[in-house]
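# Results of the structural survey
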Amino acid sequence: MLVNTYSDRIDANYMINKSMRDPDFLNAIIENVGALVVVLNHEGRIHRFNSACEKLSGFTFNEVVGKFPWDVVLPAESAQTTRQEAFELVAQNPQISVSQYTNHWRTKSGELRLIEWTNTLLRDKEGYTEYMICMGIDITERTQMEESLRKSEERLRLAIEAGQFGAWRCDLRQQFGEGSAYTSAILGLDASQPMPMEAPPAAANPLGKAVMPPAKMQIIENEMAKFENPLIRRANSWAYPML
């Protein structure tokens, strides 16, 4: 069972919560839940540390049991902040039963891994925290891919702005949210203002609507669409860009 969504982790946390007093059932869930599972006692010391945690961190259960996670697997520079925000403030607030937190683990080999946690509190009859069940997923690669994509988009934007050609981003409903400065110049628009939420040919020239659908079908079919379409500038002059 792969636990990779917030609702999945809430369900799994609920199952662990219900099975805390059944050791055999608890072991089965913790080891097969498909996620990182750390159970902390009321002081914040490690009570359970499943095999997924052992594999990711490089630490065995025997090496971490009874210790504070901020003393073992958290980077020193963020350990106290994480302790306060992810454990103390949550455990001491009777209004909180479930919380989320994202922080780094430093593995035994020194590698940093970014973990997204869903934490569920198990309280006693008086409302005091007995355990915190922490269920996490490693989002290191996903975050790196998102950052790589962001940088690629930024490089593309800079290349478009440096080149003397118009470009805009649009979806298949012929809407777009931004274009290059040269696109604004072609259309006679103020580059500092957002572009209208229509495809440029349709926004600038009604005749363009007859040209766009075939081009859109080529894009849908993963083909390059290229056509010439007259556009009306804001000053009512004409431009003939190749699209």
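## Thoughts on empty space enclosed by the protein
For the coordinates displayed, the defined rule picks out 1 cavity of 30 Å³ or more. Taken as a whole, the largest cavity encloses approximately 210 Å³ of empty space. If you trace the largest cavity, you find 19 residues lining it, with Leu40, Pro69, Asn103, Trp117 and Cys134 closest to the centre. At the level of secondary structure, the elements contributing two or more residues to the lining of the largest cavity comprise strand 1 (36-41), strand 2 (46-49), helix 5 (69-72), helix 6 (79-91), strand 3 (98-106), strand 4 (112-123) and strand 5 (129-138). For the lining of the largest cavity, the element with the highest residue contribution is helix 6, accounting for 4 residues. For the lining of the largest cavity, the per-class residue count stands at 15 nonpolar, 3 polar and 1 charged.

## Looking at the sheet that holds strand 1
Taken in spatial order, the 5 strands make up an open sheet running 2-1-5-4-3, and their pairing is antiparallel. Two strands in the sheet have a free side with no partner beyond their single neighbour: strand 2 and strand 3. Adjacent strand axes in the sheet meet at a mean angle of 25° when their direction is disregarded. The sheet contact formed by strand 1 and strand 2 spans 3 bridges and is antiparallel. Looking at the pairing, Val39 lines up with Arg48 of strand 2. In the packing of helix 6 onto the sheet, contacts are made with strand 1, strand 3, strand 4 and strand 5, and the angle to strand 3 comes to roughly 155°.

## Some thoughts on the nonpolar core
If you look at the biggest cluster of nonpolar residues, it comprises 23 residues, and the most contacted ones within it are Val38, Leu40, Phe49, Trp105, Trp117 and Met132. At the level of elements, strand 1, strand 2, helix 5, helix 6, strand 4 and strand 5 are the ones that each hand at least two residues to this core. Examining the composition of this core, we find that 4 residues originate from one element, helix 6, more than from any other. In contact with Phe49, not counting residues within four places along its chain, are Val37, Val38, Glu54, Ser57, Phe59, Phe61, Val64 and Trp105. With 6 residues, the next largest nonpolar core counts Val33, Ala35, Val37 and Val39 among its residues.

Procedures and definitions
- Note that residues are indexed from 1 along each chain, following the sequence as it is written.
- For a predicted model such as this one, the threshold for reporting local features is a pLDDT of at least 70, and the threshold for listing and counting side-chain atom pairs is 80 or more; totals across whole chains, interfaces and linings nevertheless cover every residue.
- The side-chain numbers reported here are obtained from all heavy atoms of the structure, hydrogens and water having been left aside.
- In the cavity and pocket records, a cavity denotes points on a 1 Å grid over the protein atoms alone where a 1.4 Å probe fits but cannot get out, a pocket denotes an open set with protein on both sides within 12 Å along at least 5 of 7 lines, and lining residues are residues with an atom within 4 Å of a point.
- Grid points are joined across faces, edges and corners, and a volume is the space filled by probe spheres set on the points.
- Runs of H or I in DSSP of at least four residues are treated as helices and runs of E of at least two as strands, each being numbered from the N terminus.
- Gly is put with the polar residues, along with every residue not named as nonpolar or charged; the nonpolar set is Ala, Val, Leu, Ile, Met, Phe, Trp, Tyr, Cys and Pro, and the charged set is Asp, Glu, Lys and Arg.
- At least two DSSP bridges between two strands are needed for those strands to be called paired.
- Every axis in this analysis is a line fitted to C-alpha atoms, fitted for helices over the stretch in contact. Angles between the N-to-C directions lie between 0 and 180 degrees.
- By definition, residues are in contact when any of their heavy atoms lie within 4.5 Å.
- Buried Ala, Val, Leu, Ile, Met, Phe, Trp, Tyr and Cys residues form a nonpolar core when they are joined through side-chain atoms within 4.5 Å.
- Exposed residues in this analysis have more than 50% of their type's maximum accessible area, buried residues have under 20%, and partly exposed residues fall in between, with area computed by a 1.4 Å probe over protein chains only.

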